[in-house]
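What the coordinates show
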Amino acid sequence: MVDSLDPRALRLGVSRCLLGERVRYDGNDRHDPWVVGHRSRADDGRPLHWVGVCPEVEMGMDVPREPVQLEGAPAMPRMKGVDSRVDHTPRFQQWAAGKLSELGVEDLDGYVLKSRSPSCGLGDTDLFDHRGKKIIGRVDGLFAAALRRTFPFLPLTTEQSLEQAGRRELFLQRARLYRQYKEMVAMGAEPSLLRTLHEEVHRALETFGPPEEEPGKKGGERNREAEEREKTGQERLEEAYQALLQRLEQGGRTTKELTEYGQLLHDLFESLDRG
Ligand code: SF4
């Protein structure tokens, strides 16, 4: 349920084991010092509110329990008991449908997931073959994949990524921008709100964007490529902003333009997070 604590608080989803709850298959937790140390405030004093979810416990699995793993096709992995071979996928799907609509009501601004977990991992969970014997790739955990599908612009990260101070700041800034974007959409996207958001985006890019190359000093091939990619992303965002602004000032329908702007914003900050 949504509480009525501080309405300015960023609302962040989190894997419950990171909060220090003993919900893992082996009866332990994965207490994350940064998450636990910032239960109510970020370093800059701004309020945070965490919404903990443990997919495996909440779908009805015990603590402790048999470990599970993902198997089969990368686009549609199954979650199976490592020894029993019990397929937990249908139970997960039934639980996830209700949980995702609850999280829609929570109106989350970001999400910190436990890396490498068959439920919560973010692109780093081992995928086994159909027999469950051989690792054939890395995918999202089932819950992380469902979050991505349901909330395509929601900033997602892992506790591993947040080990770096710069990434923590980038994640919180992304969450703030995402919230501002949602508020703009909810309030009918008027030009002054879009301008304010876009100025914030520029400020964030100045802080977190790739460093400018010194004149006359050439970087390596890979850096030049990365820089080009960022420039292209920023240019595309600028174009989308101008198109959206024009539509808003003309009083035209903006759904398509708003979605494009949101997508570009998401893609650009994802690329900074990866870079
Ligand atoms: S399912 Fe997710 S929240 Fe639950 S113990 Fe595993 S990683 Fe942690």
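What follows deals with the sheet that holds strand β3 (residues 68-71). Pairing in this open sheet of four strands is mixed, and the strands run β4-β3-β6-β7 from one edge to the other. Looking at the sheet topology across the chains shown, the edges are occupied by β4 (78-81) and β7 (135-139). Taking the axes of each pair of neighbouring strands and ignoring which way they run, one obtains an average angle of 45 degrees across the sheet.

Partitioning the chain into domains gives domain 1 (10-163) and domain 2 (165-274). Taking the mean C-alpha position of each, domain 1 and domain 2 sit 27 Å from one another. With 12 residues of domain 1 at the contact, the number on the domain 2 side is 11 residues.

For the ligand, the set of nearby residues contains 13 residues, the closest of which are Ser 15, Cys 17, Cys 54, Lys 114 and Ser 117. Examining the composition of the shell around the ligand, we find that three residues originate from one element, helix α2 (residues 55-58), more than from any other. Each residue belonging to the shell around the ligand can be placed in one class, and the counts come to six nonpolar, three polar and four charged.

Attention now moves to the packing of helix α3 (residues 89-106) against helix α4 (residues 142-150). Running from N to C, α3 and α4 point in directions that differ by 40 degrees, and their axes come no closer than 11 Å. Relative to α4, α3 is oriented oblique. Here the hand of the crossing between α3 and α4 comes out right-handed. Residues Phe 92, Ala 96 and Leu 100 of α3 form the contact with α4, whose own contacting residues are Leu 142, Phe 143, Ala 146 and Thr 150. Of the residues that constitute the contact of α3 with α4, the class distribution is six nonpolar, one polar and no charged.

We now examine the environment of Glu 257. Structurally, the position occupied by Glu 257 is in helix α8 (residues 255-274). Its 21 C-beta neighbours within 10 Å are what place Glu 257 among the buried residues. Ignoring anything within four residues of it in the chain, the contact list for Glu 257 reads Ala 240, Ala 243, Leu 244 and Arg 247.

Now for the sheet that holds strand β2 (residues 48-53). Spatially, the four strands line up as an open sheet ordered β2-β1-β5-β8, and their pairing is parallel. Because the sheet does not close on itself, it has two edges, and the strands there are β2 and β8 (156-158). Taking the axes of each pair of neighbouring strands and ignoring which way they run, one obtains an average angle of 25 degrees across the sheet. In this sheet, strand β5 (residues 110-113) lies alongside strand β1 (residues 10-15) in parallel orientation, the contact comprising three bridges. The residue bridging Gly 13 from the neighbouring strand is Tyr 111, located in β5.

The next thing to look at is helix α5 (residues 165-186). Taking 1.5 Å of rise per residue, the 22 residues of α5 would be expected to cover 32 Å, and the 32 Å separating its terminal C-alpha atoms lies within 8% of that figure. Turning to α5, its buried residues are Leu 170, Phe 171, Leu 172, Gln 173, Arg 174, Ala 175, Leu 177, Tyr 178, Tyr 181 and Met 184. Buried residues belonging to α5 abut β1, β5, β8, α6 (191-208) and α8. Just downstream of α5, Gly 188 is the residue with a positive phi angle, here 90 degrees.

Moving on: α6. It helps to recall that an α-helix has 3.6 residues per turn; residues three or four apart then point in one direction. Along its 18 residues, α6 runs 25 Å from first to last C-alpha, staying within 8% of the 26 Å computed at 1.5 Å per residue. Listed as buried for α6 are Leu 194, His 198, Val 201 and Ala 204. When α6 is viewed along its axis, its buried side chains cluster within an angular range of 120 degrees and face the same direction. In this structure, α6 carries Ser 192, Thr 196, Glu 199, Arg 203, Glu 206 and Thr 207 as exposed residues pointing more than 90 degrees from its buried face.

Conventions used here
Here the residue numbers are simple positions, counted from 1 along each chain's written sequence. Side-chain atom pairs in this predicted model are given and counted only at pLDDT of 80 or more, local residue features only at pLDDT of at least 70, and totals for whole chains, interfaces and linings cover all residues. At least two DSSP bridges between two strands are required for those strands to pair. Numbering of helices and strands starts at the N terminus; helices are DSSP runs of H or I of at least 4 residues and strands are runs of E of at least 2. Convention adopted: a line fitted to C-alpha atoms gives each axis, helices being fitted over their contacting stretch, and angles between N-to-C directions are expressed from 0 to 180 degrees. Each domain's extent was defined by an automatic or database domain assignment. A residue pair is marked as a contact if its C-beta atoms, positioned from the backbone, fall within 7 Å. The rule is simple: place the C-beta atom from the backbone, and if it lies within 6 Å of a molecule or strand, the residue is near it. Residue classes follow a fixed rule: Ala, Val, Leu, Ile, Met, Phe, Trp, Tyr, Cys and Pro count as nonpolar, while Asp, Glu, Lys and Arg count as charged, and any other residue, Gly among them, counts as polar. Every angle not falling under 35 degrees, over 145, or within 65 to 115 is termed oblique; those three ranges are roughly parallel, roughly antiparallel and roughly perpendicular. In this scheme, a crossing is called left-handed if the near helix is turned counterclockwise away from the far one by less than a right angle; it is called right-handed if the turn is clockwise. Counts of 20 or more other C-beta atoms within 10 Å of a residue's own C-beta define buried residues, counts of 12 or fewer define exposed ones, and intermediate counts define partly exposed ones; C-beta atoms are placed from the backbone. To estimate how far a helix should reach, multiply one less than its number of residues by 1.5 Å. What the arc describes is the spread of directions from the helix axis to the C-beta atoms.

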